[in-house]
Every structure is written in C-alpha cells, then in structure tokens.
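# Close look at the chain arrangement
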Amino acid sequence: MNKLVNQKSAYLQHAAHQKINWYPWGDEPFEKAKQEDKPVFLSSGAIWCHWCHVMAKESFEDQEVAQILNDNFIAIKLDRDEMPDIDRRYQQAVAAMGQGGGWPLSVFLTSEKKPFYGGTYFPPNEGFGRPAFKAILMAIAQLFRAQRDQVTESSEQLLDMLKHKPLNTGELSESQVSEGTEIIIQAMDALYGGFGRAPKFPMSGAIEFLLGRYFLTRDEALGAALRKTLTSMAKGGYHDQLAGGFHRYSTDQAWLIPHFEKMADDNAWLLRNYVDAYSLLGDPYFKEIAEGIISFTRNELSHPDGGFYASQDADVTPDDEGGYFTWTDGDFKGLLSKEEYTVLSPYFLHDKGMMHHDSSKRVLYIDKSPEDVAKLAGMDVETVRRIIEQGKKKLLAARETRIKPFIDTALYSSLNGMYISAFLKAYRVLWNEDIKDFALKSLERILADNTNDGNLLHTPGVKGLLDDHIHLIDALVSAYEVTGNASFLEKADLFMARTIELFWDEDEGGFFDTDEEVLGTRLKGIEDIPQPSANSLAIIALMKLAFMQDKPDYRTLAEKALKVFSYSAQAMGLHGAYYFSALDTYYNGLELTLNARADSELAMTARSTFRPYTAIAYKEDQGHASPCVGNICYEPIKEPDALRKFLSSPVSSKL
C-alpha cells in the first residue's frame, strides 16, 4: 500500500495497492522532492478513463516501471474530477509543449510544481507512435541531473505562458449574434449531423444556442440541421440504445463507435438539448431520448436519497474495451427468438459497428427504420415496432446480468447543479412529479453536504470553484422558477454575491476559475470545453437575477463580462457557442413577471411553454402575467391560452 490508501477518490483508491510510492496532491510530496533533489512525476486521470486503466495495467503495475519511478522520482496521482483546477493548468502546460492533451496526463515537475516535460498515454514499450515509458523515465531522470539549469528555465517559461493575459474588450452589437450563428452553422456536418469530423463531441452549448436561434428566426434550414444532428446522435452507437443516456464522444464521424464512459455533465446537458428540441420541434422521438437519459440517470447515476453521481466507467477491464455494451451475432441468436432475431439483427447489428479489437463484437446502432425492417422481414410495421420493444427489454435484462462498469459515486457540486437544472427543465415539459421531487431532494442534499459555514465546496474537503458556484446558482434559480419558493431565489442571490466576491475580476470583468492563484495563476475563459463555459452561464445567471431580484448592478456586470469576452468568443467560433447564447439573452431575453400563484394554470402555462432566454419572477397574486423584452413591456395577459400563444411567438426587442 502507498499513501493513496486513505483517499476518498475512487481513482486514487484504484492505485492504492500499486508498488509505486504514490502521493496524493499536496505539499508533502513536493517537500520530499526538494529534500531528495528529485523531479516529480504527476499522473492525472479519472476512474472513467479507458486509457488511464490501460496505462495502469501496462506501466504502473509493472515491477520495473515501479522501481524506476521509486528510485528516481516522487510520484503523485491526481483525480482530475476531484481537482479540475490543478489538472486544467497542467493540461495547458502540456498543450503548450506541443504534446496535445487528455487523460491520462503524464507530466514532469520540479519541486516548485513547475512543469518541464509531459504527454498523455505512454506505452511501456515503444509503440503507437509513442516512445517507451521506461525510456522516457530514464531520459527525464538523466536530464534533471545533468541539465538542471535548462530544466528550470524551461519550466519557468511554461508557467509564464499559462498566466492570464489581458483581454481586448470589445463593444456589443446584436449583429454579433447572427455572425456567431453563421460561424457555428459552417462547422456543422451536413452528412452526419453534429460538428466537425472525428473525434466528435455533441457540443451541447452550440446545440442550445442554435435551438434558440431557430425559435427566434424560424429558419427552416437551421431547423433541419438541428433535427439531423439530434436524430443522428440518438440513432448512433454513441447513444446507449438499450438503457438510454449517452457515452462521452464518438470516435468516428457518423456517431457509430463511442468512447464508452458515461459522464454526468454530458448527459445533463444533452437532457436539456433533447427536452428543448422536443418542445420546439415537436418530434416525439426527442421526448423518448430525453426520457431515456432520465431513466439511465435514475438507475445508474444517482443516489436514492438524492444526489447525482459523477460517471460510469468505460470498461469492466481495460482488455475488453466497451465489452459491457457490445454484442455478438451469437449473443443475439442465443438470447432472442427466431422472430426477434429476424427483426433486431437488421435493426441493430451492423458491420460498421464492429469493434477494432474484436471483430465479433458490435456496438448497437439504428441503421434502418421500422418500415425498412418490416419490408425485409415481410411483416407489418406495428408488429415490427412491438418486436423491437420486447427485444430491447430482453437484451437489456441480459446485459444487466453482466458485470457492470464502475460507478463513481462522488457528489460534485458542479455536476449536481447541472443535473438538477436539467431535471427541472425536463419536469416543466414532461410533468412527471418524480423528476421534480428528485431534483429538489438532490438540491437540498448538496446544500447540506457540500457547504461549510456558508462556503460552497466542490466536494467535502475540496474548495468550491467557479463551476460549482455557477451551476448551483443555476439550479437554485431553476428551483425557484418551478416552485415559486422565494427561499431558493434568496439562496441563489447569496451565492451570486459570494461568487462575485471570490471570482470576479475587478480590473477587466468576467470570472476567474479559482478564488486565488493556483500554480501562480488564475484562469479566465469563455471556451466550451466541451460543456458550456461557466462564464457564459454566469452572464445568463446575472441577467436573470438582475430581473428577479431587481438588482441592476448584476446586469451591469453581465454587460461588462460580455464585452471582455467578445473578441475571444468570436475567435473561438464553435467553442465559444454558449457565449452567443448569453449575448442572445442580453438582446432577446424575456422577463416574465407572474402576478399569480405558482400553482395556478397561468403559472403552469408559463413554465411549460418553451421560449428561450426566459426568466420568471413571482409577485403578488393579481391573476395576470406581464412580459417584457428589452425595453418593451407588453399588455398584461390573463388567460393561459393567450399567454401560451404569446410565449410561442418569436417576439423580440425590435418589435
């Protein structure tokens, strides 16, 4: 056993019995490195990460590698989910070295925590176009001893590159929203939907922004592109066809073969996407996908007493990538009746779903419609649909008997905020009381377990970061809009005041990611990586609270942040997409004052009718709703049908 044995992190526990003298992140290993005049080897990864498990098995469980590390280095293991601020900085350092980024992250440091060399996955022996890990370790040990001045100079230059550089503040215009739309549309894949080629992430912030744009413009070409994207993702192997929910990303352009881990942040944001798409586009398939995400989440990624877990691992063992989720033709023949096999084989099993390491195993994806299958099988369509559903249940029941990939049950504030907001959004459309009740129960649990004397924590024992604060604020605002309970709004306001105090950049505007310098720097960005940026969500939250709490100072801060990130977001294009949602909110946000009880038909109509960029505030019960867009306020609306009609129309501040 090493010094990881008493750590809470499942990822660190996974390495606790390796023969490497691992330390958790902290001052102790760096003090020891200084005393023994050794370099530090930092390995950062996560329990869900396939290649982290591969490197653990190949290298960290190798006796020779362990000996080299123990003799020449002080070794630190970091859970990137538990300490994302540390990981983020070293990711940027390795990227600056021209080595790319990702997990596992392998980086060599001085005893002052300064990086001087790094990479990601290193095989034990030369291969995959990568040098052997043992050779790298020996070369780095020799470099550290023989060329210390060069190592020190290189590490200082790298850290200087990470330090925040002043941003060019720009002016705002509504035309920038249209320009952003064009940039993002140009990145869309007309053939398979989504954005770019492979590897392919969903880019939920871009989808959310384009859904808002479609509502306001009713551009049918945009609507068609959104349908293509959302349908292609849902029919691909990237989507779990049996249990619901989505894997982390697609390794190919067509959404067929995923990286199999399932993440809380991905599924929370995709739930928002599919709920909004169902509300706006009316396709019942999108409702089905949203309900599947909820079902998967409640079955696998949540605690019965409230709280959302962080992730489901990609694999049961690193030798069989995706083994839990994949199927052979023999599996189908052995499990399904002849009639079921005749239908489900052409529906789900295809050669393009073949796994690279085992050609007999396939990822399930939908390549043919029930109508196509009916023609092939000589059956009527309704019979085929019925057989597909009964076959899916049989396959899922069989899969449930397999050893499941590991679930990381950590309750991180940021991820819980995302999921709570998504569940409350889903409740407003699906009207399932269980969804609302579980979201509110989860919110109360996070407020109880992840706060200390009013301070928000990322997880017990770890300070809260910007992401934790902003996503919790978003969850509290969502809870207020759903329930009308003012205590949620008051808590959101208190946390926003604390967020401004801790993270706001008084010089430029915008929010830093940490409340103090980490590794000599605070980072401030607007990039969706790949989930929507915390700064973009913070701008939207500021504008909502400015209206709900009658605090114009919040809107002033939002405007300042929009200006400071204006050039950066435009330069990022697709990866700045959620900034354009914030900018669209600034110009086209609807402020809806409900002078009605939260349980009234008028209020329920307001909550269940989709309109992007809407904030709801409850006032005294006078039986009407008062909508304002920009500087224009409309006549009070008393009838639910009239309110639904108004909210469904793309009114803007120009009308």
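Above this text you will find the structure in question.
Report on the accompanying structure. (Residues numbered from 1 in each chain as written. Predicted model: local features only at pLDDT ≥ 70, side-chain atom pairs only at ≥ 80, totals over all residues. Heavy atoms only, no water.)

## Quick word on the sheet that holds strand 19 (residues 632–633)
A sheet is described by the order of its strands in space; here four strands give the open sequence 17-16-18-19, paired in mixed fashion. The outermost strands of the open sheet, each flanked by one partner alone, are strand 17 (614–618) and strand 19. Where strand 18 (residues 624–629) and strand 19 come together, two bridges link them in antiparallel fashion. If you follow Cys628 over to strand 19, its bridge partner there is Cys633. (Pairing = 2+ DSSP bridges. Helix = DSSP H or I, 4+ residues; strand = E, 2+ residues; numbered from the N terminus.)

## Section: the environment of His14
Of note, His14 is situated in helix 1 (residues 10–14). Given a relative accessible area of 41%, His14 falls into the partly exposed group. Each C-alpha atom of the pair His14 and Phe348 lies 35 Å from the other, and the pair is 334 residues apart in sequence. Residues within four places of His14 in sequence aside, it is in contact with Ile47 and His53. (Buried < 20%, exposed > 50% of the residue type's maximum accessible area, 1.4 Å probe, protein only. Contact = heavy atoms within 4.5 Å.)

## A closer look at the side chain of Asn2
Take Asn2: it is sitting in the segment before helix 1. For Asn2, a relative accessible area of 8% translates into the label buried. At 3.0 Å, the side chain of Asn2 forms a polar contact with the backbone oxygen of Ala15. A distance of 3.3 Å separates a polar side-chain atom of Asn2 from the backbone oxygen of Gln18. Those residues in contact with Asn2, other than ones at most four positions away along the chain, are Ala15, Ala16, His17, Gln18, Ile20, Asn21 and Trp22. (Polar contact = N/O pair within 3.5 Å; in protein donor to acceptor, adjacent residues only side chain to side chain.)

## Points about the pattern of salt bridges
Following the criterion strictly, the structure yields 46 salt bridges and no others. With a closest N to O distance of 3.9 Å, Asp62 and Lys134 form a salt bridge. With a gap of 72 residues between them, Asp62 in the loop between helix 3 (50–60) and helix 4 (63–72) and Lys134 in helix 6 (residues 133–146) connect regions that are remote in the sequence. Between Asp276 and Lys425 there is a salt bridge, with the nearest N and O atoms lying 3.1 Å from each other. (Salt bridge = Lys/Arg side-chain N within 4 Å of Asp/Glu carboxyl O.)

## So, the pairing of strand 16 (residues 590–595)
Strand 16 sits mainly inside the fold: five of its six residues count as buried. In this structure, strand 16 lies alongside strand 17, joined through five bridges in parallel fashion. When the sheet's bridge partners are listed, Thr593 is paired in strand 17 with Ala617. Regarding topology, helix 25 (residues 601–608) serves as the crossover connection from strand 16 to the parallel strand 17, and that connection is right-handed. (Right-handed = clockwise from strand over helix to strand, strands pointing away.)

## Describing the layout of surface pockets
Roughly 730 Å³ of volume is contained in the second largest pocket. Around the second largest pocket sit 28 residues that line it, and Gln241, Tyr285, Glu288, Glu389 and Lys392 are the ones nearest its centre. When contributions to the lining of the second largest pocket are tallied by element, the ones reaching two or more residues are helix 12 (284–300), helix 15 (370–377) and helix 16 (381–399). The leading source of residues in the lining of the second largest pocket is helix 12, at nine residues. Counted by class, the lining of the second largest pocket contains 10 nonpolar, seven polar and 11 charged residues. (1 Å grid on protein atoms, 1.4 Å probe; cavity = no way out; pocket = protein on both sides within 12 Å on 5 of 7 lines; lining within 4 Å. Points joined across faces, edges and corners; volume = space filled by probe spheres on them. Nonpolar A, V, L, I, M, F, W, Y, C, P; charged D, E, K, R; others polar.)

## Focus on unusual backbone geometry
Cis peptide bonds are those with omega within 30 degrees of zero, and the linkage from Ala198 to Pro199 qualifies with -5°. Mapped onto the fold, Pro199 is located in the loop between helix 8 (175–186) and helix 9 (204–217). Geometrically, the link from Ile529 to Pro530 is a cis peptide bond, its omega value of -15° lying close to zero. With a phi angle near 55°, Asp37 is a residue other than glycine that sits in the positive phi range.

## Some words on the packing of helix 19 (residues 466–483) against helix 20 (residues 486–503)
Running from amino to carboxyl end, helix 19 crosses helix 20 at an angle of 160°, the nearest separation of the two axes being 8 Å. Comparing their axes, helix 20 and helix 19 come out roughly antiparallel. The element helix 19 and its partner helix 20 pack so that their crossing is left-handed. Together, Leu466, His469, Ile470, Leu472, Ile473, Leu476, Val477, Ala479, Tyr480 and Thr483 of helix 19 and Ala486, Phe488, Leu489, Lys491, Ala492, Phe495, Met496, Thr499, Leu502 and Phe503 of helix 20 make up the contact between the two elements. Per-class residue counts for the contact of helix 19 with helix 20 are 16 nonpolar, three polar and one charged. (Axes fitted to C-alpha atoms, helices over the stretch in contact; angles between N-to-C directions. Parallel < 35°, antiparallel > 145°, perpendicular 65-115°, else oblique. Left-handed = near helix turned anticlockwise from the far one by under 90°.)

## Brief notes about the packing of aromatic side chains
The way to describe two aromatic rings as a pair is by their centre distance and the angle between their planes. According to the stated counting rule, one finds 37 aromatic pairs in the structure shown. Ring centres of Trp25 and Phe30 lie 5.1 Å apart, and the angle between their planes is 70°; on these two criteria the pair is classed as edge-to-face. Each ring, one from Tyr324 and one from Phe325, has its centre 5.0 Å from the other, and the planes form 90°; the classification is edge-to-face. The exposure class of Tyr324 is buried, given its relative accessible area of 5%. Accessibility expressed as a relative area gives 5% for Phe325, which makes it buried. Each member of the aromatic cluster is reached from another via a ring pair, and the members are Trp22, Phe41, Phe60, Phe73, Phe108, Tyr117, Phe122 and Phe133. We note Arg298 situated over the ring of Phe438; from NZ or CZ to the ring centre the distance is 3.8 Å. The aromatic ring of Trp327 is capped on one face by Arg402, whose charged end is 4.1 Å from the ring centroid. (Phe/Tyr/Trp six-rings, centres within 6.5 Å; stacked < 30°, edge-to-face > 60°. Lys NZ or Arg CZ within 6 Å of the ring centre and 35° of its normal.)

## Side note on helix 14 (residues 338–348)
Within helix 14, burial applies to Glu340, Val343, Leu344, Ser345, Tyr347 and Phe348. Packed against the buried residues of helix 14 are helix 13 (329–335), helix 15 and helix 16.

## Focus: the pairing of strand 3 (residues 74–79)
In terms of burial, strand 3 is a largely internal element, six of the six residues being buried. Neither face of strand 3 is open: one carries Ile74, Ile76 and Leu78, the other Ala75, Lys77 and Asp79, and all of them are buried. When strand 1 (residues 22–24) meets strand 3, the two strands line up parallel, connected through three bridges. Paired with Tyr23 across the strands is Ile76, a residue of strand 3. In this structure, strand 2 (residues 40–45) lies alongside strand 3, joined through six bridges in parallel fashion.

## Overview of helix 2 (residues 27–36)
Turning to helix 2, its buried residues are Pro29, Phe30 and Ala33. Buried residues in helix 2, looked at end-on, bunch into an arc of 100°, giving them a common side. Away from its buried face, by an angle of more than 90 degrees, helix 2 presents the exposed residues Asp27, Lys34 and Gln35. Elements in contact with the buried residues of helix 2: strand 1, strand 2, strand 3 and strand 4 (105–109). Asp37 sits one or two residues past helix 2 and shows a positive phi near 55°. (Arc of directions from axis to C-beta.)

## A closer look at empty space enclosed by the protein
Empty space among the atoms can be located by rolling a probe the size of a water molecule over them. On inspection of all chains with the given rule, the structure shows four cavities of 30 Å³ or more. In this model, the largest cavity occupies a volume close to 590 Å³. Arg272, Lys425, Lys544, Tyr613 and Thr614 are, among the 32 residues lining the largest cavity, the residues nearest its centre. Taken together, the elements giving at least two residues each to the lining of the largest cavity come down to helix 9, helix 11 (264–281), helix 17 (413–430), helix 19, helix 21 (534–548), helix 24 (577–588) and helix 25.

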